[in-house]
Amino acid sequence: TYTVSLSVQPSSAVTVHIAAESPLLLATASQPTPAASLTLTFTPANWDVSQLVTVSAPDNGVIDGERQVQVAHSATSADVRYDGIASSFLVRTQD
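Residues numbered from 1 in each chain as written. Predicted model: local features only at pLDDT ≥ 70, side-chain atom pairs only at ≥ 80, totals over all residues. Heavy atoms only, no water.

Overview of the nonpolar core
Residues Val14, Ile18, Leu40, Phe42, Val53 and Val71 are the most contacted members of the largest nonpolar core, which totals 19 residues. Those elements that provide at least two residues to this core are β1 (2–4), β2 (14–20), β4 (37–42) and β6 (66–77). With four residues, the single largest contributor to this core is β2. Discounting chain neighbours no more than four positions away, the residues touching Val53 are Thr1, Tyr2, Val4, Ile18, Leu26, Ala27, Thr28 and Leu40. (Core = buried A, V, L, I, M, F, W, Y, C linked by side-chain atoms within 4.5 Å. Buried < 20%, exposed > 50% of the residue type's maximum accessible area, 1.4 Å probe, protein only. Helix = DSSP H or I, 4+ residues; strand = E, 2+ residues; numbered from the N terminus. Contact = heavy atoms within 4.5 Å.)

Here you go:
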């Protein structure tokens, strides 16, 4: 699991798109069904409230060994301070 929040209050809503490479799945409290991608929305009212993202790798019956899999983030907003920001990180899985 990890959390996502904004560092500065936006002037308008910020949508953060999160996508995980297969076989990882993502879920949040508002999107509890694990999926390969999801979105988080931050507003001027909740910008500093961390949103928890759960990352899981379902058992698919195939032994993959150790792998590094990417989780990518990109933001869209009318607020130019956030629009177009992108980042990613690697998750190490062992099967």
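Now that the structure is up, let's keep going.
Quick look at the sheet that holds β1
Taken together, three strands build an open sheet; the order of strands is β1-β5-β3 and the sheet is antiparallel. Pairing within the sheet leaves two strands with one partner each, and these edge strands are β1 and β3 (25–27). Along the sheet, successive strands turn relative to each other by an average axial angle of 35 degrees, direction set aside. The pairing of β3 with strand β5 (residues 51–56) spans three bridges and is antiparallel. Of the residues in β5, the one forming a bridge with Ala27 is Thr54. (Pairing = 2+ DSSP bridges. Axes fitted to C-alpha atoms, helices over the stretch in contact; angles between N-to-C directions.)

Don't take any of this as a statement about function, it's just geometry.
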